[in-house]
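# Structural description and commentary
Take a look at the letters that make up each chain.
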Amino acid sequence: MKLPESYYNRTSYIGTIIAAISLLLMLFVFIIATFFMAGGNYIGLLLYMVLPGLLVSGLLLIPIGMFFRRRRISSGEEIISHRVVIDLNNYKHRNAALVFGVGTLIFLILTSIGSYEAFHYTESNQFCGTLCHQVMDPEYVTYQTSAHARVKCVECHVGPGADFYAKSKLSGLYQVYAVLFNKYPRPIPTPISSLRPARETCEQCHWPEKFYPNRIRNERHYLADSANTQWDIIYRMKIGSSHSSQGISEGIHWHINSKVKIEYIESTSDREIIPWVKYINLESGDTLIYQNTEEPLDEETIMASTPRTMDCIDCHNRPSHKYLAPQDYIDHAIAKGEISSDLPEIKTIAMQVLGEHFTSLDTALMNIKAKVNEFYNENYPELVEAKQELINHSIEGISSAFSHNEFPEMGANWDKYPNHIGHMEYNGCFRCHDNMHVADNGKTISRDCNLCHTILQQGTKDNMMAVAFSDSLEFKHPVDIDEAWKEYACTECHRQLFW
Ligand code: HEC
Ligand code: HEC
Ligand code: HEC
Ligand code: HEC
Ligand code: HEC
Ligand code: HEC
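Residues numbered from 1 in each chain as written. Chains lettered and ligands numbered in written order. Predicted model: local features only at pLDDT ≥ 70, side-chain atom pairs only at ≥ 80, totals over all residues. Heavy atoms only, no water.

## Observations regarding the sheet that holds strand β2 (residues 230-237)
Applicable threshold: By definition, two strands form a pair when at least two bridges between them are found by DSSP. Secondary structure elements follow DSSP: runs of H or I of four or more residues count as helices, runs of E of two or more count as strands, with numbering from the N terminus. To define axes, lines are fitted to C-alpha atoms, for helices over the stretch in contact only, and angles between the resulting N-to-C directions are given on a 0 to 180 degree scale.
The strand order across the open sheet built from four strands is β1-β2-β8-β9, with neighbouring strands paired in antiparallel fashion. Two strands lie at the open edges of the sheet, namely β1 (215-222) and β9 (464-466), each paired on one side alone. Between one strand axis and the next, the sheet turns through 20° on average, direction left out of account. Of the pairings in the sheet, the one linking strand β8 (residues 453-460) to β9 comprises three bridges and is antiparallel in character. Bridging across to β9, Gln-458 finds its partner in Met-465.

This is the structure we're talking about:
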């Protein structure tokens, strides 16, 4: 079987060999992946991206080689009999046409299957979350324990439509480069400037006007005293109105009411400080501008800024990657029984160890183990023998809680990724609701403790205060700090590690 004269050159041979080998490899890898379920995370990358790329470059080499050979022939450097004529009566031409035709057909079929599979593969959590294992580890780990563990990464980060798909893959190319050459920032910056508006992602699943009734929350804390005293706070979150018929005409979700628009200007790129807020009533057209009286923005900065319209992400910025602060994840682990509250001062010592800065997970885990053991050996030698198992169990609990919430290699933890819901470790709601944002008519954005929630029960197991559902207790700070919680932002103390 003979092919056109111009095919017989080195470049085209090499091209053919590359193409044939990659095709065979693809077949081989495909069989392994499909029938033997082997290959791990990287097989998709190989099968749908690397090998097809090789195949295409091999195939491209064939006409390139042919082109140069033909040029050499026509310039007289090489002597050859005829110019390009396709004569199907000639068996050589017939064979070549047949090979080319069938080859193209197979190639087209394979590429369409391949690109369909490649599309699916690049949309998978495996691709987004585990391919660059270390880089995405913090987001992937926190995602798996979130309410959205069954929502694909791309449903929030890309959303529907071809344009955003293309955009995300283009920026993905840069990310591949950044990872290969170790040029990516740690931690990964947030907020994501190119994040698609919540309207086009969250609202695919969550109908914004949907009424969520009040939600009861139970927060369980353990104080840093010798008994690790349990302190519960049970409170009612006023997400919507008191009755469903009134929808979100009041309550927390009032901000996303279709009749309301709230705009703001931030003075730091992480949106942690918000000195300027504009409320627009879309029905009546009334507007009200609240400015922080302590640190107002000057007129020029305001004119030069484009205000951001508040949406879901301005409160729910951690729907899927929530990094808890040590005091919270330790409380959770104690409540879960993974750390034993029977060990005296376990909360205190855990907080002291976790207040240090670690550069790697390994050093963190080593430190946790060494420090906790050292603490009990020194202070409770009589307890060490009797309760060694409990101590070991608790060290494991602290280690596990740490590794699910702090990622030293990537510099990712609660301190770097603020959560805008609440006001304990981050200013969150108090970025605006601090009684210091005042409008011209004297109205302020309220910090009234009963505006967003009412406390139904609070206290220790033996001394629990409680009121009826429609009432509210005045907040009692678990340790005596006098009236400081009324005067200062909670973050003034709660961001520091005072243990
Ligand atoms: C429920 C929606 C949702 C899902 C599902 C989701 N994310 Fe996110 N992701 C967000 C939001 C919202 C942010 C923060 C946006 C902001 O503040 O600008 C974010 C931030 C990030 C960041 C930036 C760093 C950070 O923590 O702020 C990375 C990286 C990331 N996500 C990766 C992933 C990966 C990988 C997956 C799948 C394993 C995933 N995300 C799934 C909504 C989601
Ligand atoms: C593909 C559908 C989908 C998308 C997109 C989506 N969510 Fe969700 N979300 C869900 C489902 C389903 C649940 C309920 C999970 C459960 O309670 O088991 C949920 C739960 C929630 C909750 C309650 C969380 C909790 O702790 O109970 C919040 C808040 C939320 N979503 C916000 C968001 C935000 C903000 C976005 C956009 C960044 C978003 N969602 C995007 C499907 C989605
Ligand atoms: C002003 C801040 C704010 C905005 C804006 C906001 N939410 Fe919420 N949302 C909250 C708070 C606070 C809660 C109660 C949280 C809790 O108890 O953990 C909540 C609760 C929820 C819940 C859980 C309800 C339940 O009963 O479990 C969902 C789902 C939700 N929001 C979705 C959204 C979506 C979607 C958007 C955008 C269309 C949005 N939220 C905008 C503050 C906000
Ligand atoms: C960007 C600024 C801003 C942020 C951040 C913000 N709010 Fe507001 N909020 C406002 C403004 C402005 C009003 C209207 C104040 C007024 O005129 O009474 C308001 C009103 C409210 C109201 C009363 C609504 C009604 O009329 O019943 C509640 C409840 C509320 N906010 C809860 C929250 C919660 C919870 C958070 C944090 C998750 C939060 N807000 C974050 C600006 C903000
Ligand atoms: C603008 C709304 C808003 C106002 C005003 C507000 N809170 Fe909260 N508060 C929240 C939200 C939202 C959460 C839930 C945080 C979360 O989901 O983790 C919360 C949680 C809490 C908790 C439970 C925290 C925990 O981890 O146990 C306490 C206690 C609390 N608030 C006390 C107060 C006190 C005291 C005041 C008055 C000085 C106040 N709040 C004013 C929105 C508000
Ligand atoms: C003057 C400093 C200070 C201020 C301001 C402050 N706290 Fe505290 N808070 C503390 C100290 C100290 C503890 C004891 C920590 C421990 O024993 O673990 C504590 C503990 C708590 C606890 C028990 C949970 C835990 O982490 O141990 C809650 C809940 C709490 N504070 C809520 C608040 C709220 C809500 C505000 C703001 C309205 C606030 N605090 C303001 C100093 C402060």
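Resuming the write-up.
## Considerations on the pattern of salt bridges
Here is the rule we go by: By convention in these notes, a salt bridge is any Lys or Arg side-chain nitrogen within 4 Å of a carboxyl oxygen on Asp or Glu. For every residue, the accessible area obtained with a 1.4 Å probe (protein chains only) is divided by the maximum for its type, and the residue is called buried under 20%, exposed over 50%, and partly exposed between those limits.
In total, this model carries 13 salt bridges according to the counting rule given. Between Arg-217 and Glu-219 there is a salt bridge; the shortest N-O distance is 3.0 Å. Residue Lys-261 is joined to Glu-263 by a salt bridge in which the shortest nitrogen-to-oxygen separation is 3.6 Å. The exposure class of Lys-261 is partly exposed, given its relative accessible area of 28%. Judged by relative accessible area, which is 13%, Glu-263 ranks as buried. Here the residues in one salt-bridge network are Arg-308, Asp-311 and Asp-314, joined through shared partners.

## Points about the coordination of the iron atom of ligand 6
When a metal carries six donors in an octahedron, the ideal angles between them are 90 or 180 degrees, while four donors in a tetrahedron ideally lie at 109.5 degrees. So the rule is basically this: Donor atoms are limited to N, O and S found within 2.8 Å of the metal ion, a distance that becomes 3.2 Å for Na, K and Ca. With water left out, some sites might look partial. Every angle between 85 and 135 degrees makes a four-donor site tetrahedral, while opposite donors more than 155 degrees apart, with all other angles between 65 and 115, make a four-donor site square planar and a six-donor site octahedral; other sites are irregular.
Around the iron atom of ligand 6, the donor atoms from the protein are His-477 (NE2) and His-494 (NE2), and they sit 1.9 to 2.0 Å away. Geometry at the iron atom of ligand 6 is octahedral, judged from its six donor atoms and the angles of 88 to 179° they form at the metal. One end of the pair, His-477, is in the loop between β9 and α16 (484-487); the other, His-494, is in helix α17 (residues 490-494), with 17 residues separating them in the sequence.

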